[in-house]
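Notes for the structure review
Residue-level listing of the chains:
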Protein chains: 4
Amino acid sequence: MAIPKVAVIGASGYSGSEIVRLLLSHPEVELTTLMTANRERSGTRLYSDELRQFRHRCDLAIEPLDYDLLQQRDISLVFLATPNQTAHDLVPELLERQLRLVDLSGAFRLREAGLYPRWYGFEHRFAPYLSEAVYGLTEVLRPAIREARLLANPGCYPTSALLPLIPLQQAGLVDPQSRIVCDSKSGVSGAGKTPSSNTHFSEVTESFKAYNVWRHRHSPEIWQELGHHRLIFTAHLLPINRGILSTIYVKTASSASPEEVSACLIRAYGKEALVRLCPEGEFPEVKHVAHTNFCDIGWRQQDLDLIIVSTIDNLGKGAAGQAVQNMNVMLGLEETLGLL
Amino acid sequence: MAIPKVAVIGASGYSGSEIVRLLLSHPEVELTTLMTANRERSGTRLYSDELRQFRHRCDLAIEPLDYDLLQQRDISLVFLATPNQTAHDLVPELLERQLRLVDLSGAFRLREAGLYPRWYGFEHRFAPYLSEAVYGLTEVLRPAIREARLLANPGCYPTSALLPLIPLQQAGLVDPQSRIVCDSKSGVSGAGKTPSSNTHFSEVTESFKAYNVWRHRHSPEIWQELGHHRLIFTAHLLPINRGILSTIYVKTASSASPEEVSACLIRAYGKEALVRLCPEGEFPEVKHVAHTNFCDIGWRQQDLDLIIVSTIDNLGKGAAGQAVQNMNVMLGLEETLGLL
Amino acid sequence: MAIPKVAVIGASGYSGSEIVRLLLSHPEVELTTLMTANRERSGTRLYSDELRQFRHRCDLAIEPLDYDLLQQRDISLVFLATPNQTAHDLVPELLERQLRLVDLSGAFRLREAGLYPRWYGFEHRFAPYLSEAVYGLTEVLRPAIREARLLANPGCYPTSALLPLIPLQQAGLVDPQSRIVCDSKSGVSGAGKTPSSNTHFSEVTESFKAYNVWRHRHSPEIWQELGHHRLIFTAHLLPINRGILSTIYVKTASSASPEEVSACLIRAYGKEALVRLCPEGEFPEVKHVAHTNFCDIGWRQQDLDLIIVSTIDNLGKGAAGQAVQNMNVMLGLEETLGLL
Amino acid sequence: MAIPKVAVIGASGYSGSEIVRLLLSHPEVELTTLMTANRERSGTRLYSDELRQFRHRCDLAIEPLDYDLLQQRDISLVFLATPNQTAHDLVPELLERQLRLVDLSGAFRLREAGLYPRWYGFEHRFAPYLSEAVYGLTEVLRPAIREARLLANPGCYPTSALLPLIPLQQAGLVDPQSRIVCDSKSGVSGAGKTPSSNTHFSEVTESFKAYNVWRHRHSPEIWQELGHHRLIFTAHLLPINRGILSTIYVKTASSASPEEVSACLIRAYGKEALVRLCPEGEFPEVKHVAHTNFCDIGWRQQDLDLIIVSTIDNLGKGAAGQAVQNMNVMLGLEETLGLL
């Protein structure tokens, strides 16, 4: 069987270049095409001239977006690593060319079009695609992902929150009356590559802050996938490059013993290659997941209060890594290829 | 009036040397004596030979602990910046010499002697002094501090949690049935100067973790001062040197409007020099309090859910700064001297 | 005698706000005026609304630049902490108002107007002021500084290089035929407050690089003050906020013994309060000078090869600290006031 | 042909665990054995219990060192990632068992046994093996490496210095009378995993220093391979985890034009996969080589003064990466396997 060919649109950003890095050492797909949707950039440049770390590793050029070319080159799957609104604008045309898509933006994550103006700042014009899009939380939604044409790759914070919470919620172990608190901390690469005073080195080093309190756009994404709004999500900016740690405070259902909680998580993830459950009483650290596609989960309950700590690399399992994992599922490849 | 003379026992550690730094530029006290309780160190050394940053700033020597000398030198107040058990052992003898003490350790913070074996790992032999000790949360307990002989300087995390919570709790604005969640993050200097794998640079940089989950010794200190146990405290290690940020999730009493919450905090701190309330909708950042004695507090309520964020420098308002503030109060000096 | 009043033009940047911080705790001058030369900013804002760390510390407003007002307010000295070309444009008008100036930019550091187009990218129109300006390397040029009307405050890198080198050069201890190598490393705050990809957190953390190799504008400043061009200066960007360390490789004159080298440095700085010579065989570290106005110097010679390491805080002795030190000298105050 | 089996002795340290990480994704060797020479550790533990980042990736146990077992298991090559003296003690016995060795320590790098007491602090008892050992600077000494029984893997600093310097030196482009200055800066992981005050987070973050000035043990290694002592090497500690940057100042031979220098480097490395020459006028950055096995080299000459900047990952090309590269050469595999 021929090795599938894949393309990346938006390979210059942090998520896009991490996809390229992963694909370059992937044994069973071939990265053949890099395109940009940025019209200010005309002509063709060598990718490794723009991102020097790819010298001696990638000799592809960045070409201007060209739908026909993608078809002619027999591309099996396209990664979209563009800003939200760019992805929103490109997806319909790409789907019409029969291309399968993994969209790393938030443009097709929320099922209700009406939420976009408030949370993303633009009108969503493609509600039908919102219904079709499959949310790519791989371990939880694998069967649907296999068949997806348009895969909405999860946000970084939601991945860290949903992986531990969904099984507990589905098993009825979460008290339905109480608020869940999800206190999340992320490295700066999550804010992207565009310089700003929020990401200026002298402002970030030796500091720490909460941001977008009560109004972070990952809140509705978490609420949607969890099936309710009784979760308070707060984002914080860590003075590190890569990694997310979420500390999650759950009131368990009155009948839920610590043993049941543990059994539930082990049932969900005990055999998963890319989710690692900490031994009892241990909690994960960001450094053990940085530059990997793992989600590590530790937890401990006292009476009805359960503390869960989960860690991911925001560019790994929180973006590019999970995107490649989803590609593996969509193309029928072994799920961990290129990720271990 | 003669300028009061003060001494520091344990000036080599991070808190102790920060006290020295503050006292050196304090206009109305004189630091005359540095002593060590560490018996492995014999003889007398120049302080600035051990801590090179004090060259050209401090020409005192570190002398072995000598109770008589402290009396002879007419010391008005002694700072204890030693390990917990060392402070426990020294305090009675120092008090008998009529010395007033500011103890930065936890040895006299908990009123119940019975809590010490579990939370501090040693038997407390001086229960009467536990009753006498005044907890030094300056803005909250100023009148008692004025008269204190033995001042128990608050822990760093408790300071960041208690300053915003106590006024709300006392005003009845906190729902008595619900858990408060206090998710705190601290710089590494809070762990002290002794090297360990937990504080090894390569293990800390670009990482982040929770630690001592469900069993951090600052929990009972917070519970005691808040007057109840319905608070979950979790500590995390930030890859920075100095600073604490606590994100606090409170369910307000059903009758508490956002206006009442704000009014309560303004009533408590609106005129305080060293507590700064953020304008509405703003939240504090660690960098604005690092190397200061400020506690910055921001908050925002939605329905009955209140998020508070407070920041301090763990070595400033969380240790040495508050110790100097308490000294100012105890000696009848202007409270902010040497701190602005 | 009335306390002298001072003003800062450009107080929002890193150097300017450090000057403000120092002046607020200076016991013998009064900071009365903050002005901006940036015409895009109209109206008057509270300084502490723009720089939140100054809440409860400074209640001045930032006013638009107004020469008349500076005169009316009886300002004794103005700090200019603006971009180079802005300072170049403002200085003549300010001098005509009989104001004494400490200019932190490079606009009046080079004596030859002809050097400005190449090294600073603009034509210098005020050659006479270049001759008048006094280079503010305090310990070296104190007598001239006392009388200066226009003080050109030294660059950060030149301060770290010139303090150790000038005495050795003047004493004839440097081999006149050989190149001196000055390999310097600076924290990111030296690049200022404007975000760019060079100072984007994710690009700087866990990295390190040389920049402007062979063409850094501090080279001609060092050559000028040292009196020759036989010095290679290379700048590097450290992933820290504040601090410079320069490692300097000197071939000594064949007659120069290690004892003579040490004697020369001790003669120059042994009694200086703000230059600290390391004991033999010790070398300085950035952390001991960060947030101070010290320059620490260590050195060690083998045969004719001398290695010198000097450290400063680029915003302290390398900018705002030395500016305040120069102000003290110019106003006839004790030189270390506000700096220890 | 059977896939070669390899073993690592000392897999718990930073270099050892990086070797394990690389071998786990190497397609043509099998890591079958982890052993420890530390006698204080008895019994067998799961590697991933000690190094949590290896959970789900490596299910090997760490066994006590057992020469017979290595032979029985048909090990083709053993990596030694132990302290210097441990390697010194183990090597003879391992060689007698006909095992091929890649030793990452310095125990067999210096050809003169007499240098060990001064530079390494122990007597070297195995001078004959010093003569036999092949210095593993892969690109320079490939033919000898192919046949090596005992490969002395180069030190991290020497790798960064020697790769650019050896071709220039061999081509006669370096002025034989002048000193070369090699000013090197390394991340903290180079200091190993044992906590000390030098590597305590609070002492390293936001700081920078030179260390072991005039007496770093990598000096004689560089002198030996370069063929002379006219090079001054200074090491500095960067507040980062991984990476080395060396700034090298060379006086070129009077006849050497910039074109010749460039031609020489291109001749040496233009076709090398793992050495990347920067385009003219560009200089490398640590971040582009971190977590890789590349050495990046940039340079620029003015008159006879040549500045070279080289970067490596101290654990990659400076240790584990080059060790795996050397293994590939020794076993006749493609040289870049597992490294791109």
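For the structure given in this document, a descriptive report is provided here. (Residues numbered from 1 in each chain as written. Chains lettered and ligands numbered in written order. Predicted model: local features only at pLDDT ≥ 70, side-chain atom pairs only at ≥ 80, totals over all residues. Heavy atoms only, no water.)

**Side note on the packing of helix H1 (residues 14–24) of chain C against helix H12 (residues 316–330) of chain C**
Residues and elements named next belong to chain C. The N-to-C vectors of H1 and H12 enclose an angle of 50°; their axes lie 8 Å apart at closest approach. Considered as vectors, H1 and H12 are oriented oblique to each other. Crossing of H1 over H12 shows right-handed handedness. Contacts from Ser15, Glu18, Ile19, Leu22 and Leu23 in H1 reach Ala319, Ala320, Gly321, Val324 and Met327 in H12. When grouped by side-chain class, the residues that make up the contact of H1 with H12 number seven nonpolar, two polar and one charged. (Axes fitted to C-alpha atoms, helices over the stretch in contact; angles between N-to-C directions. Helix = DSSP H or I, 4+ residues; strand = E, 2+ residues; numbered from the N terminus. Parallel < 35°, antiparallel > 145°, perpendicular 65-115°, else oblique. Left-handed = near helix turned anticlockwise from the far one by under 90°. Contact = heavy atoms within 4.5 Å. Nonpolar A, V, L, I, M, F, W, Y, C, P; charged D, E, K, R; others polar.)

**Describing the side chain of A:Ser310**
Residues and elements named next belong to chain A. Within the secondary structure, Ser310 is located in strand S15 (residues 305–312). We classify Ser310 as buried; its relative accessible area is 0%. Engagement of the side chain of Ser310 in a polar contact is seen with the backbone oxygen of Ser160, the distance being 2.6 Å. In contact with Ser310, not counting residues within four places along its chain, are Ser160, Pro164, Ile244, Leu245, Ser246, Ile248, Pro284, Cys295, Asp296 and Ile297. (Buried < 20%, exposed > 50% of the residue type's maximum accessible area, 1.4 Å probe, protein only. Polar contact = N/O pair within 3.5 Å; in protein donor to acceptor, adjacent residues only side chain to side chain.)

**Observations regarding the interface of chain B and chain C**
At the junction of the two partners, chain B supplies 23 residues and chain C supplies 24 residues. Across the chain B to chain C interface the summed buried area is about 1900 Å²; carbon plus sulfur atoms make up 48%. Three residues stand out in chain B for area buried against chain C, namely B:Arg52, B:Arg55 and B:His56, and they jointly supply 32% of the buried area on that side. Run the count over chain B and chain C and you get six salt bridges. As a salt-bridge pair, C:Glu282 and B:Arg55 come within 3.1 Å of each other at their nearest N and O atoms. Across the contact surface, chain B and chain C share 12 residue pairs in polar contact (both at pLDDT 80 or more). When the residues that make up the side of chain B that touches chain C are grouped by side-chain class, the tally is nine nonpolar, six polar and eight charged. (Buried area = accessible area lost by both parts, 1.4 Å probe. Salt bridge = Lys/Arg side-chain N within 4 Å of Asp/Glu carboxyl O.)

**What to know about the interface of chain A and chain B**
Facing 36 residues of chain A, the contacting portion of chain B comprises 36 residues. A per-residue breakdown of the area chain A buries against chain B is headed by A:Glu206, A:Phe208 and A:Trp214, which together make up 21% of the total. Our count for the contact surface shared by chain A and chain B stands at six salt bridges. The salt bridge involving A:Lys185 is made with B:Asp183; its shortest N-O contact spans 3.0 Å. Across the chain A-chain B interface, the total number found is 21 residue pairs in polar contact (both at pLDDT 80 or more). For the side of chain A that touches chain B, the secondary structure elements donating two or more residues are strand S9 (180–186), strand S10 (209–211), strand S11 (231–237), strand S12 (244–251), strand S14 (295–302) and S15 of chain A.

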